[in-house]
Amino acid sequence: MGKTITEKIFSNHCQRDVKAGDLVIAPLDFIMGQDGTAPLAIKSYSDMKPQYIASSKIAFVIDHSAPSPNEGVSALHKLMRDFAKKNKIQLYDIGEGVCHQLLPEKGHVVPGDLVIGADSHTCTYGAINAFSTGVGSTDLAVAMASGKLWFKVPETIKIELSGNLPYNVFAKDLILYLIGKIKADGATYNAIEFTGDTISSLSIDNRFTISNMAIEMGAKTGLMEVDEKTEKWLAKHAKKPYQSVKPDPDAKYKDIKKYDVSDLSPQVACPHTVDNVKPVEEVEGTEINQCFIGTCTNGRLTDLRVAANILAGKKVHPEVRLIIAPASRQIYLKAMEEGIIQTLVKAGASIVTPGCGPCVGTHNGIPADGEKVLSTANRNFKGRMGNNKAFIYLASPATVAFSALKGAIADPRKI
Amino acid sequence: MLLRGKAHKFGDDINTDYIISGKYKFKTLDMNELAKHVMEDLDPHFYSKITPGDILEAGKNFGCGSSREQAPLAIKFSKISCVLASSFARIFYRNAINTGLPVIECDTTGIESGDELKIELEKGVVINITKNETIIAQPLPSFMIKILNDGGVVKHFQRYSDLKFNV
Ligand code: SF4
């Protein structure tokens, strides 16, 4: 019987034949914690009184509240720094960027890897063919103390995408569309394999956007195969040898879904769930107070470039605040070299520290009661940005940038 | 493990931001303090309504959203003994087992707030004493029961210095 990418990665790691449904304990290739989850993991780790720590496979990232907005957070950041120093763990401090940008960018993750991160969007690295999934702090502690973790090997849903995306319609629109169809719990406990000529046509930056949001359908991870584009990207980033993994032609899938996206409209996820997705035509004209471009979904160089092209030589609407957080320092620097940052700032944008920025409501732009925010993030839950009386809409960087000019949700195909 | 308490009913897709708002999770590691804010955005007085041992009950996709372990911990420290839902988001499910909070996937449609429930965890049986009904759920794999009985994966690890499936 053929195997899915997931079954192959687990079989390779367990050194035996493993299939969907099996409960396994598997060795990990990489382990990540961020400032919202690592402090609790450090506590659990210490409580476990282990003899070992998988130092060389661990990275801590201070990105969720970076720089610290108050003394409580500062104490947690210090706890992370001290623990990392003592145990020789790689620490990415404030300003380095969002964890899910950093791990692939710094070469910690390569195809065929089995990776866990104490953050739900760890599924992002599926775009470069790694089985990566989000866990909680205690799982992180167990992983640090043993270098392995228990898993139930998931079944896989295959999503085949065909057709080229139309003008000013992007990967973000595509994944929002899929979430709207499959719904928030449509892929719970499952892995997804994204395939088809649409995926091949996308840049690696855009592929990350898609895998990043697999969790918004409940999926454990969102895998893609390695192609020439991936190889080229890896040549610049990978720091270890790798073996990419393809599914067998006779692999068994739980479901196969096919979509033709050649007529797709820009999509908008409306308050307060990510699967409440509408084509932009239905929400065009909705007035907004704040726009945000950034996050592990859409804070990459490609995204900033798209926004800068739209905002060049123009001014953000006087009643809109535009906040931009590059996903990493490297992206920030490249965006400066290309003149993107100047363009954005001249248009009226506020650039904040590379990191999560206002995505999770810790600081850097918490909306007021009743305000509407249009964001490139991956979640629009009530209270997500720090105020449960605000309304969050999600869209692509193009839709957000164009809407920032108009003061209301606007259709980027009209540029 | 035998659990008993009255039910508190919530709806579908209860995400981790509702269980414990992100604005608290970054502030403290004191779980008793976090527990006071459990489900606050959905019911500002929820914490004061809990009698130790009570059972939280919900529809589909309970615990979706972030990986914050503060979500099951806030529930556990609020003295809720178990969560029943027609389905769980998987990270929440893992985190609940790991932190020693019993969770059962079963048909919750017939259970109402205030119903007195009795749960036999090993067998996966939920008895609604008020309505005189028995709900049969999928029992948890023995490995998970083991972790729950050990009081969570940290205590499990303390005991065996490793993850052990067959003990
Ligand atoms: S950018 Fe937002 S979604 Fe991504 S890791 Fe940070 S808080 Fe989470």
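Residues numbered from 1 in each chain as written. Chains lettered and ligands numbered in written order. Predicted model: local features only at pLDDT ≥ 70, side-chain atom pairs only at ≥ 80, totals over all residues. Heavy atoms only, no water.

K.L.:
Explanation requested: the overall build of chain B in the structure shown.
P.N.:
Across its full length, chain B holds eight helices and seven strands. Its C-alpha atoms give chain B principal-axis dimensions of about 45 × 40 × 25 Å. Put simply, chain B shows about 6400 Å² of open surface, and 51% of that area lies on carbon and sulfur atoms. Taking the 21 positively charged and 21 negatively charged side chains of chain B as two groups, their mean positions are separated by 5 Å. (Helix = DSSP H or I, 4+ residues; strand = E, 2+ residues; numbered from the N terminus. Areas by Shrake-Rupley, 256 points an atom, 1.4 Å probe, with all protein chains shown as cover. Lys, Arg positive; Asp, Glu negative; His and termini not counted. Charge placed at Lys NZ, Arg CZ, Asp CG, Glu CD.)

K.L.:
Help me understand the side chain of Asn 190 of chain A in this model?
P.N.:
All names here are of chain A. Inspection of the secondary structure puts Asn 190 in the loop between α6 (171-182) and β9 (191-195). Within the structure, Asn 190 has its side chain in polar contact with the side chain of Lys 254 (distance 3.2 Å). In this structure Asn 190 touches Pro 154, Glu 155, Ile 157, Ala 219, Lys 220, Thr 221 and Lys 254, once residues within four positions along its chain are discounted. (Polar contact = N/O pair within 3.5 Å; in protein donor to acceptor, adjacent residues only side chain to side chain. Contact = heavy atoms within 4.5 Å.)

K.L.:
Sorry if this is basic, but what is going on with the interface of chain A and chain B here?
P.N.:
How big an interface is tends to be expressed through the accessible area that disappears when the partners come together. Each side of the interface is counted separately: chain A has 50 residues, and chain B has 39 residues. Interface area, chain A with chain B, both sides summed: about 3900 Å², of which 62% is carbon and sulfur. A per-residue breakdown of the area chain A buries against chain B is headed by Leu 40, Trp 150 and Tyr 189 of chain A, which together make up 18% of the total. At the junction of chain A with chain B, the criterion picks out three salt bridges. Arg 94 of chain B serves as the salt-bridge partner of Asp 139 of chain A, at 2.7 Å between the closest nitrogen and oxygen. In this assembly, chain A and chain B are joined by 15 residue pairs in polar contact (both at pLDDT 80 or more). Elements supplying a minimum of two residues to the side of chain A that touches chain B: β1 (23-27), α2 (38-48), α3 (71-86), β6 (131-134), α5 (137-146) and β7 (148-152) of chain A. (Buried area = accessible area lost by both parts, 1.4 Å probe. Salt bridge = Lys/Arg side-chain N within 4 Å of Asp/Glu carboxyl O.)

K.L.:
Would you mind going over empty space enclosed by the protein with me for this structure?
P.N.:
Rolled over the atoms, a probe sized like a water molecule indicates the empty space that remains. Residues and elements named next belong to chain A. All chains considered together, the criterion is met by two cavities of 30 Å³ or more. Counted as a void, the largest cavity has a volume near 180 Å³. If you trace the largest cavity, you find 19 residues lining it, with His 64, Asp 119, His 121, Cys 356 and Arg 384 closest to the centre. Across the lining of the largest cavity, the residue classes break down as five nonpolar, nine polar and five charged. For the lining of the largest cavity, the two domains that each supply at least three residues are domain 1 (5-259) and domain 2 (268-410). Its volume calculated, the second largest cavity comes out at about 60 Å³. Taken together, Phe 170, Ala 171, Lys 172, Asn 206, Asn 298, Thr 302, Asp 303, Val 306 and Pro 397 make up the lining of the second largest cavity. By residue number, the principal contributor to the lining of the second largest cavity is helix α11 (residues 301-311), which donates three residues. Its residues placed into classes, the lining of the second largest cavity shows four nonpolar, three polar and two charged. Both domain 1 (5-259) and domain 2 (268-410) contribute no fewer than three residues apiece to the lining of the second largest cavity. (1 Å grid on protein atoms, 1.4 Å probe; cavity = no way out; pocket = protein on both sides within 12 Å on 5 of 7 lines; lining within 4 Å. Points joined across faces, edges and corners; volume = space filled by probe spheres on them. Nonpolar A, V, L, I, M, F, W, Y, C, P; charged D, E, K, R; others polar. Domains from an automatic or database assignment.)

K.L.:
How do you make sense of the packing of helix α5 (residues 70-77) of chain B against helix α6 (residues 90-99) of chain B when you look at a structure like this?
P.N.:
Residues and elements named next belong to chain B. One way to put it is that α5 packs onto α6 with a least axis distance of 8 Å and a crossing angle of 50°. When the interaxial angle is binned, α5 and α6 end up oblique. Relative to α6, α5 is oriented so that their crossing is right-handed. For the pair α5 and α6, the contacting residues are Ala 71, Pro 72, Leu 73, Ile 75 and Lys 76 in the first and Phe 92, Asn 95, Ala 96 and Thr 99 in the second. Taken together, the residues of the contact of α5 with α6 break down into six nonpolar, two polar and one charged. (Axes fitted to C-alpha atoms, helices over the stretch in contact; angles between N-to-C directions. Parallel < 35°, antiparallel > 145°, perpendicular 65-115°, else oblique. Left-handed = near helix turned anticlockwise from the far one by under 90°.)

K.L.:
Quick question: what am I supposed to make of the site of the ligand here?
P.N.:
Every residue close to the ligand is listed here: His 64, Val 98, His 100, Asp 119, His 121, Thr 295, Cys 296, Cys 356, Cys 359, Val 360, Asn 378 and Arg 384 of chain A. Put simply, the ligand lies in the largest cavity. (Near = heavy atom within 4 Å. Sits in = over half its atoms within 2 Å of the grid points.)

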